[in-house]
Structures are given as structure tokens and as C-alpha cells.
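# Structural overview for review
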Amino acid sequence: MSDSSAQQQIDVAVVDPKVLEKEACQPSGAVHVRQRGINDITALDVEQMQDIYGYSDEVRKIIKDENLLPTGLLSRLHASYPQHSGLMDKEAHMFDEKDQYTGLSGFRRVVEILTANNIDIGDIEERELFVEVYRFLATKHSLNSIDWTNFYEDSVFQLVMPQPNMINKKTVADYMGASIEEKKKIVSDYQEKTSPHDGNQQLNKPWFENEEGEIEFLDGSQHKYPQCQLIFDKTTQNCFSFCTYCFRHAQVRGDEDMFIQKEIDQIHRYLKVHTEVTDMLITGGDGGYMPASRLEQYVTPLMEDRDLLHIKTVRLATRSLTFQPEMILSPKYDKMLAVFDKLHENGIQLAWMAHFSTPRELLNPTTIAAIRRLQRHGVVIRSQSPMMNHISLFEDKDGNIDIDRSAQNWIDLANIIGTMLIGFHSMYCARPTGEHHYFTAPLSAVSKIFDKIYRELPSINRPTRHISMTTSAGKISIMGECEVRGERAFALMFTEGRNMQWLDKVFLAKYDETTNDVKLLKPLEGDSFFFEEELAQIEHDLAEALNNRL
């Protein structure tokens with residue numbers, strides 16, 4: 001039986017403890033021999049979980065009244081994925097003094113707490129350089145999710161804590177030997193070299209002619225693909241934690257070319273002109289920061305104005321389920337849940353676009369309870385996730401991407417989110433921004449991993465799209481490998497495009513073992529891909545129109 005076959009459990013009356021110990025070390029998907037009841041999580045265990053997480057009496061009452069932590073579900077998840085589960089962790093949490101640790105002072109406080117607990121992560125000055133360039137923000141929930149007994153191998157540690165070798169060695173060396181004033185200049189100069197807006201995002205900024213014949217720009221919006229409009233509201237310009245691979249760091253570090261939407265009525269007036277839009281996507285930063293009263297102002301006209309009947313879905317792009325799920329369990333969140341109820345009752349889908357990359361993000365009581373609470377209020381949760389080296393992709397001892405281990409991470413994740421009734425929306429390659437060299441992987445390796453994931457998952461738990469990478473032209477998916485007249489090639493296809501007619505056509509690129517960016521791929525035949533001439537004209541026209549109106 002392959003390690004991806006459906007997990008089987010054989011109940012027996014008596015099992016040798018050595019067998020059980022061996023079982024715990026087996027990869028997910030292996031045949032498990034299990035003594036009846038030995039892995040069951042009891043009501044007493046749930047009480048102990050709540051003690052460790054420091055839940056208030058109000059939160060405990062919500063969990064009990066709404067049945068958010070059923071022991072049957074917890075037992076199944078923990079027994080199926082013990083290597084990922086934090087459900088039965090017994091250690092007291094180190095981080096409990098505040099919800100978030102922010103900036104250089106916050107990073108230093110995290111280091112102080114770790115040192116007090118005899119944990120030395122090392123390379124502090126190099127890590128501080130990364131903090132100065134990209135900022136730092138970590139929640140107590142994400143910090144407490146890390147397995148500090150093996151933090152170097154922990155995906156969440158890589159996700160929220162800056163790492164050595166993220167920034168190039170020369171810049172690090174210059175920084176390490178510099179004075180305070182010199183360090184400030186090194187940080188400033190390095191920030192100028194980073195690429196916060198890949199894919200020509202400024203060209204996606206929409207405008208329209210209002211009733212007075214004036215041109216209005218939507219400074220906090222992007223409208224690149226016909227059906228979906230992105231909104232960077234003024235209330236969503238922060239995150240619950242800063243991912244080390246962030247591809248929108250211009251938003252969170254406050255660059256001049258941020259997208260910030262201040263006026264809500266302007267969005268509705270734009271949408272009345274653009275009836276091709278069906279989805280309003282609230283993002284940031286993090287869409288989870290939007291207050292209920294603000295969200296209500298966005299969505300109430302969708303339910304009351306027939307000229308906005310074409311809006312079918314409101315998407316909320318947020319990582320709060322990974323970083324700060326406890327907010328959803330608070331009575332203060334009831335006002336937001338009431339907005340979700342109203343949307344559900346009026347036939348508008350509230351799609352919660354989560355961003356899970358590893359099983360560990362899900363297998364804790366707070367996240368599980370928060371997911372179930374949202375679902376009780378008609379929220380449809382979907383996960384769209386990046387394939388990032390060191391976080392959801394892993395290297396072997398030779399520094400090459402470990403195909404089997406990396407694929408198994410995603411297979412386990414897909415089956416867990418399926419159990420939790422979450423849709424697996426999509427996976428995508430690391431975007432060429434920030435410290436891309438650290439997080440990226442060759443497209444050839446990523447394609448092999450995706451093929452293994454797709455092949456070994458049941459169809460109902462597979463991602464809805466093939467692996468893709470965002471470019472200025474659109475989202476380009478790698479459909480697989482093929483051979484044409486004896487030459488290997490990648491088969492590519494748009495899943496979104498500046499011209500949606502491009503989606504109809506499969507096109508071929510020369511196979512490349514090392515390239516990590518689809519923009520660097522070469523056509524199998526000819527000097528250019530079929531869309532490149534038209535793309536250049538589209539980008540020229542957009543830039544010229546933007547400049548003329550400015």
C-alpha cells in the first residue's frame with residue numbers, strides 16, 4: 001500500500017506498546033494498528049486544552065453552547081495526524097503577556113522570553129536586519145504554535161521569525177560592522193532595491209467617469225480580472241502577523257505607493273458601471289481587521305440596491321485563522337457574525353479566503369473552534385496557499401527540494417481541511433518579491449510535487465486549480481510536462497489573464513530544471529509566447545491612460 005492510500009485503522013483488543021510506539025513514527029497515510037480508545041480525546045482533555053490556552057469563562061461558554069470542540073472530531077484529527085497535532089500539548093505557553101509583539105522592540109522581547117526559557121535562536125543581529133527592512137509582527141498564538149524543542153524544523157517558526165541567509169551575505173556583512181547611522185542607511189538603501197509591487201500592480205488601479213463627467217480614481221482598489229475587484233480598505237492596512245515571505249510589504253511598511261481605499265460609496269458607484277464584476281474581494285494587509293460596522297457599509301447596498309444585483313460573492317482575504325483565531329471566539333465578534341448571517345440570509349456568499357500552508361496551523365483547539373463558529377454562520381472557508389521553501393516545501397541533506405516530504409505536507413493538509421469542510425481553492429509558486437531566493441523552488445520540482453499531490457488525493461480534496469504563478473499578464477498555471485518531437489516541454493495555461501480570451505489556449509515552454517519564474521521560461525517554438533505582443537500593447541495603453549488622467 002502506498003503512503004497516500006486511505007488511512008486504515010484496525011481495532012484490536014490488546015496491542016504491544018512497542019507496536020504503538022512504532023505506529024506514532026509512521027508517516028501519515030500508513031496502516032495504523034490502534035488499541036480501541038487509546039487515542040481518544042476526552043472532555044477532560046478539552047478542559048485542559050482550554051486551561052493551557054487561557055480561555056476566559058465567556059469563551060468557554062461559547063465553545064460549550066455552540067459545540068465548537070467535539071471530542072469525536074478532535075480524536076479523529078489527533079489520531080490521524082499525531083506528527084502535526086498540537087491538540088494534546090501539555091506545556092504551558094511561554095507567550096501570554098500580550099496579543100502581539102511588534103517591531104524591533106517586539107522581536108527583542110520575544111528573544112528575551114526565549115532566553116529566559118533556555119532557548120537560543122542565535123544570529124540575532126542578522127535577524128534584526130531583516131526586521132528593520134521588512135518589519136516584524138508576531139502574535140502570541142503563532143509563537144505558541146511553534147514547537148520550540150525543534151524550532152529550526154518548525155514551519156511556523158520560518159513563517160513569522162526572520163532567518164539567517166534570507167538577506168544576501170554582503171548586505172549582512174556591511175550591516176554587522178556598521179555604526180547606528182550607517183545601519184539606517186543600509187536599511188534604507190536595501191528597501192529601495194526590494195520589489196513590493198510585482199506584476200505591474202499600479203496598472204491595475206481603476207478609474208471611471210462619474211455623473212458630472214469627471215474622472216475618479218479608486219486609490220485603494222485593483223481591477224485586473226473582469227469578475228473580481230480587490231479593495232484595500234483604510235481599515236485593513238495591517239496584519240495579525242507579518243509573513244517573512246510577504247509579497248505586499250509595501251502595504252504593511254507604509255511605502256508611498258500603497259493602495260488605500262477611503263471612500264466606500266465610490267466603490268458602489270464604480271460597481272454600478274462595471275456589471276461584469278461578481279466578486280468584491282476585501283484584502284490588505286489583512287481583511288480580518290475590518291470592523292463589523294465598516295463591512296456592513298460595504299455590503300448593505302449589495303442587498304438593497306438592485307443595480308448591484310450582479311455582486312454574488314464577498315471575499316474576505318484574511319490569515320486570522322492562522323495568527324489570531326481567538327478573536328473569532330470572543331463575544332465582541334458577535335457583531336461581525338451578525339453581518340455574515342445577514343449576507344447568508346440574502347443569498348450573498350461570504351467566502352473566507354484563508355491561507356493555510358501547513359497542518360500545524362490547523363491542529364490546535366483555537367483554530368478548530370474558530371473555523372466551526374464561522375461555518376455555523378454561513379461562512380464558506382477556502383484555502384489558497386503559496387508553496388514556500390522552508391515552510392511548506394522542504395530540502396534534503398544535499399539542499400535539493402525533497403519531493404516526497406514536501407508533497408506529503410500538502411497531502412496531509414488537504415485531507416485535514418477536507419475533514420474541516422474547508423475548500424482547497426489553489427496553490428501557487430513564490431512570487432518574485434521580497435527575499436525570493438530563500439523561498440522559491442525550481443518550477444520543475446514544484447511541478448513534480450503538485451503532480452504527486454494531485455495523483456494521491458481523492459478528487460474531492462484536490463485543489464480546484466493547477467499550480468500557478470502570478471505575472472503582469474495574469475496567473476499562469478503549469479499543467480504538466482510533455483514531449484514534442486523528442487524535446488521536453490512545460491504545458492502552460494492561463495487561469496486568469498489581462499485578456500480573458502487567453503484562457504482558452506494551452507501553450508508550450510522549453511523544459512528547464514532550474515528556472516523558478518515563469519517569466520524566465522522560453523517558448524518551445526519561436527521567439528515569443530502568443531500573448532506577449534498583445535500584453536505589451538495592453539500595458540502601454542494602461543500606463544498611457546493612467547498618466548494622461550493623472
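This text goes with the structure placed above it.
Across the 11 residues that make up helix H6 (residues 124-134), a large majority, 8, are buried. Listed in full, the buried residues belonging to H6 are Glu126, Arg127, Glu128, Leu129, Phe130, Val131, Val133 and Tyr134. In the stretch just after H6, Arg135 is the one whose phi turns positive, near 80 degrees.

As defined by bridge partners, strand S14 (residues 468-470) adjoins strand S15 (residues 474-484) across 3 bridges and the pair is classed as antiparallel. Looking at the pairing, Met469 lines up with Ile476 of S15. Hairpin connection, S14 to S15: the antiparallel pair is bridged by 3 residues. Looking at chain direction, S15 and strand S16 (residues 487-497) are connected through 10 bridges and run antiparallel.

As enumerated under the stated definition, the model contains 29 aromatic pairs in all. Here the aromatic residues Phe95, Tyr101, Trp148, Phe151, Tyr152 and Phe157 are joined through ring pairs into a cluster of three or more. Just above the ring of Phe394 sits the side chain of Arg405; from NZ or CZ to the centre is 4.1 Å.

As a further point, take helix H3 (residues 57-65). Among the residues of H3, Val59, Ile62 and Ile63 are the ones counted as buried. Along the long axis of H3, the arc covered by the buried residues comes to 100 degrees, so they all point the same way. Counted as exposed and oriented over 90 degrees from the buried face of H3: Asp57, Glu58, Lys61 and Lys64. Against the buried residues of H3 lie helix H2 (43-52) and helix H16 (365-375). Of the residues one or two after H3, Asn67 is the one with positive phi, at around 50 degrees.

At their nearest, the axes of helix H13 (residues 292-304) and helix H15 (residues 334-345) sit 10 Å apart, and the two run at 10 degrees to each other. Looking at the two axes, H13 sits roughly parallel to H15. For the pair H13 and H15, contact is made by Ala292, Leu295, Glu296, Val299, Thr300 and Met303 and by Lys335, Met336, Val339, Phe340, Lys342 and Leu343, respectively. Grouping the constituent residues of the contact of H13 with H15 by class yields 8 nonpolar, 1 polar and 3 charged.

Here we come to the environment of Pro291. With respect to the element layout, Pro291 can be found in the loop between strand S9 (279-283) and H13. Along the primary structure Pro291 and Tyr81 are separated by 210 residues, whereas in three dimensions their C-alpha atoms are 35 Å apart. If near-sequence neighbours (up to four positions away) are discounted, Pro291 is found in contact with Thr235 and Met336.

The subject of this paragraph is the pattern of salt bridges. With the rule as written, the count across this model stands at 32 salt bridges. The partner of Asp99 in a salt bridge is Lys140, and the shortest N-O contact between them spans 3.5 Å. Of the two residues, Asp99 sits in the loop between helix H4 (71-80) and strand S3 (100-102) while Lys140 sits in helix H7 (residues 140-145), which places them 41 residues apart along the sequence. Since its relative accessible area comes to 38%, Asp99 is described here as partly exposed. When its relative accessible area of 24% is taken as the criterion, Lys140 is described as partly exposed.

Conventions adopted
Residues numbered from 1 in each chain as written. Predicted model: local features only at pLDDT ≥ 70, side-chain atom pairs only at ≥ 80, totals over all residues. Heavy atoms only, no water. Buried < 20%, exposed > 50% of the residue type's maximum accessible area, 1.4 Å probe, protein only. Helix = DSSP H or I, 4+ residues; strand = E, 2+ residues; numbered from the N terminus. Pairing = 2+ DSSP bridges. Phe/Tyr/Trp six-rings, centres within 6.5 Å; stacked < 30°, edge-to-face > 60°. Lys NZ or Arg CZ within 6 Å of the ring centre and 35° of its normal. Arc of directions from axis to C-beta. Contact = heavy atoms within 4.5 Å. Axes fitted to C-alpha atoms, helices over the stretch in contact; angles between N-to-C directions. Parallel < 35°, antiparallel > 145°, perpendicular 65-115°, else oblique. Nonpolar A, V, L, I, M, F, W, Y, C, P; charged D, E, K, R; others polar. Salt bridge = Lys/Arg side-chain N within 4 Å of Asp/Glu carboxyl O.

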